[in-house]
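# An overview of the molecular structure
These are the residues of each chain, in order.
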Amino acid sequence: MFNDIGALELVTIVVLGILVFGPDKLPKVIQDVTGFIRKVRAFSDSAKHDIRSELGPEFKDFEFEDLNPKTFIRKQLTENEDLKEIRTSFDLRKELNDVSDAVKSSEAGAAPATSAAAAGTPAVTGPDLLKKPAAPAPEERSRFDADAT
């Protein structure tokens, strides 16, 4: 419950407790607070036990922590067989390696084409994707900007 409280924070709480309640009343306040925490824990444990007994034997594996959305989603993702199958069938590293190999092979194929073009033989290539298309004639232009939509 208090796993994230450091030594400096604990000292600060103690100093504030001494300043607020005084050194003679502080032990009594600490006893009252710990007694209150014990009663709250006992109450919550009995409430959990009552709820489990009322739900019946079908919900004997029910955990209240599963009601937390983060825990529920994590449990569903790890226990669902269909998702495990999808996760194992989709290998992102393999896909990235395939794409990088395709890019490298296209770069390697483009290098001989440029050397052939430099030698004077025309190379068969696709359209130049870096070149902007020519502007259409005024009668062919649309009344709206296609890039803006």
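Provided above is the structure to which this section pertains.
Residues numbered from 1 in each chain as written. Predicted model: local features only at pLDDT ≥ 70, side-chain atom pairs only at ≥ 80, totals over all residues. Heavy atoms only, no water.

Now for the overall build of the protein. Looking only at helices and strands, one finds five helices and zero strands in the protein. Listing the helices and strands of the protein from first to last along the sequence gives α-α-α-α-α. Residue burial in the protein is summarised as follows: out of 149 residues, 3% are buried. Within the structure as shown, the protein displays about 13800 Å² of accessible surface, and the carbon and sulfur contribution to it stands at 63%. (Helix = DSSP H or I, 4+ residues; strand = E, 2+ residues; numbered from the N terminus. Buried < 20%, exposed > 50% of the residue type's maximum accessible area, 1.4 Å probe, protein only. Areas by Shrake-Rupley, 256 points an atom, 1.4 Å probe, with all protein chains shown as cover.)

Time to look at the environment of Ile-18. Examined against the element boundaries, Ile-18 turns out to sit in helix H1 (residues 7-21). Overall, Ile-18 belongs to the partly exposed group, its relative accessible area being 37%.

Moving on, we come to helix H2 (residues 26-55). Along an α-helix, residues three or four positions apart point the same way, because every turn accommodates 3.6 residues. In this model H2 runs 43 Å from its N-terminal to its C-terminal C-alpha over 30 residues, within 8% of the 44 Å that 1.5 Å per residue would give. Following H2 by one or two positions, Gly-56 adopts a phi angle in the positive range, close to 100 degrees. (Expected span 1.5 Å × (residues − 1).)

Now for the pattern of salt bridges. Taken as a whole and judged by the stated rule, the model has two salt bridges. For Asp-98, the salt bridge goes to Lys-94, with nearest N and O atoms at 3.6 Å. Of the two residues, Asp-98 and Lys-94 are both situated in helix H5 (residues 92-119); the distance of four residues between them amounts to about one turn of the helix. For Lys-94, a relative accessible area of 47% gives the class partly exposed. (Salt bridge = Lys/Arg side-chain N within 4 Å of Asp/Glu carboxyl O.)

What follows covers a nonpolar patch on the surface. On the surface, Val-11, Val-15, Leu-16, Leu-19, Val-20 and Phe-21 cluster together to form a nonpolar patch covering roughly 590 Å² of accessible area. Checked against the element boundaries, Leu-16 lands in helix H1. Using a relative accessible area of 49% as the deciding quantity, one classes Leu-16 as partly exposed. (Patch = residues over 30% accessible without salt bridge, like charges linked within 9 Å, V, L, I, M, F, W, Y side chains within 5 Å.)

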